[in-house]
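Understanding the architecture of this molecule
This is what each chain is made of:
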Amino acid sequence: MSAELRSVCDIRPLTIADLPAVLSIERAAYDFPWSEGIFRDCLRVGYRGFAATGPDAELKGYALLSVAVGDAHVLNLCVSPLCRRQGVATQLLEQLVSQARRQGADTLLLEVRPSNRGAVALYDANGFNEVGVRRRYYPAAHGREDALILARAL
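All figures in this text were calculated on a predicted structure; none of them were measured in a lab.

**Re the nonpolar core**
General note: in soluble globular proteins, nonpolar side chains tend to be found buried as a group. One finds L77, L92, L108 and Y123 to be the most contacted residues of the largest nonpolar core, which totals 27 residues. Of all the secondary-structure elements, those providing two or more residues to this core are β2 (48–53), β3 (59–68), β4 (71–79), α3 (88–102), β5 (107–112), α4 (117–125) and β7 (143–153). In this structure, L108 is in contact with L65, A72, H73, V74, V97, A100, F128, L150, A151, R152 and L154, ignoring residues within four places of it in sequence. L14, I25, F39 and A51 belong to the second-largest nonpolar core, a separate cluster that totals 13 residues.

Here's what the structure looks like:
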């Protein structure tokens, strides 16, 4: 975590026991949420998951990261709509950066919807650059939406 960022939550490993709260946040945040099975599979295969909790231990957000052959990939980073704009996403992102470095990654990659302006601004403010576009990557209300591919050198 960067020195200028004050801690707004505690970050701990994400567990299967967190899935009911994760799914609640996922469904509140996205029109096309991940299923419980996707989260279970991510944890089963060993992707690193992190939970952001408040003083009351309530889940504020979560993130999932895969690392392989020098590249790390942010699979999901989501903050409860009730806890946004408080620094939770930045704190989770810093945790992912630290974990990727610990696991020897040189680059951190992710996909983001161009329509998710808050997320695009978060990644821009944290040193990510657009390196490509995945056409028709995301489901959308009226068809498909492209994904911006963003990268940050570690």
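Following the structure, the description resumes.
**Thoughts on the pairing of strand β6 (residues 129–140)**
Pairing of β6 with β7 involves eight bridges; the strand directions are antiparallel. Residue pairing in the sheet places Y138 in a bridge with E145 of β7. Here β6 folds back onto β7, and the loop between the two strands holds two residues.

**Overview of the UniProt feature "binding site: acetyl-CoA" (unreviewed entry) in the chain**
Feature annotation in UniProt places "binding site: acetyl-CoA" (unreviewed entry) on N116, given in this structure's numbering. In this structure, N116 sits in the loop between β5 and α4. Among the residues examined, N116 registers a relative accessible area of 31% and is labelled partly exposed.

**Things to note about the side chain of N126**
Mapped onto the elements of the fold, N126 is located in the loop between α4 and β6. Judged by its relative accessible area of 13%, N126 is buried. Ignoring any residue separated from it by four or fewer positions in sequence, one finds N126 in contact with T90, L93, E94 and R152.

Conventions we followed
- Residues numbered from 1 in each chain as written.
- Predicted model: local features only at pLDDT ≥ 70, side-chain atom pairs only at ≥ 80, totals over all residues.
- Heavy atoms only, no water.
- Core = buried A, V, L, I, M, F, W, Y, C linked by side-chain atoms within 4.5 Å.
- Buried < 20%, exposed > 50% of the residue type's maximum accessible area, 1.4 Å probe, protein only.
- Helix = DSSP H or I, 4+ residues; strand = E, 2+ residues; numbered from the N terminus.
- Contact = heavy atoms within 4.5 Å.
- Pairing = 2+ DSSP bridges.
- UniProt positions renumbered as here; feature names shortened; annotations may be inferred.

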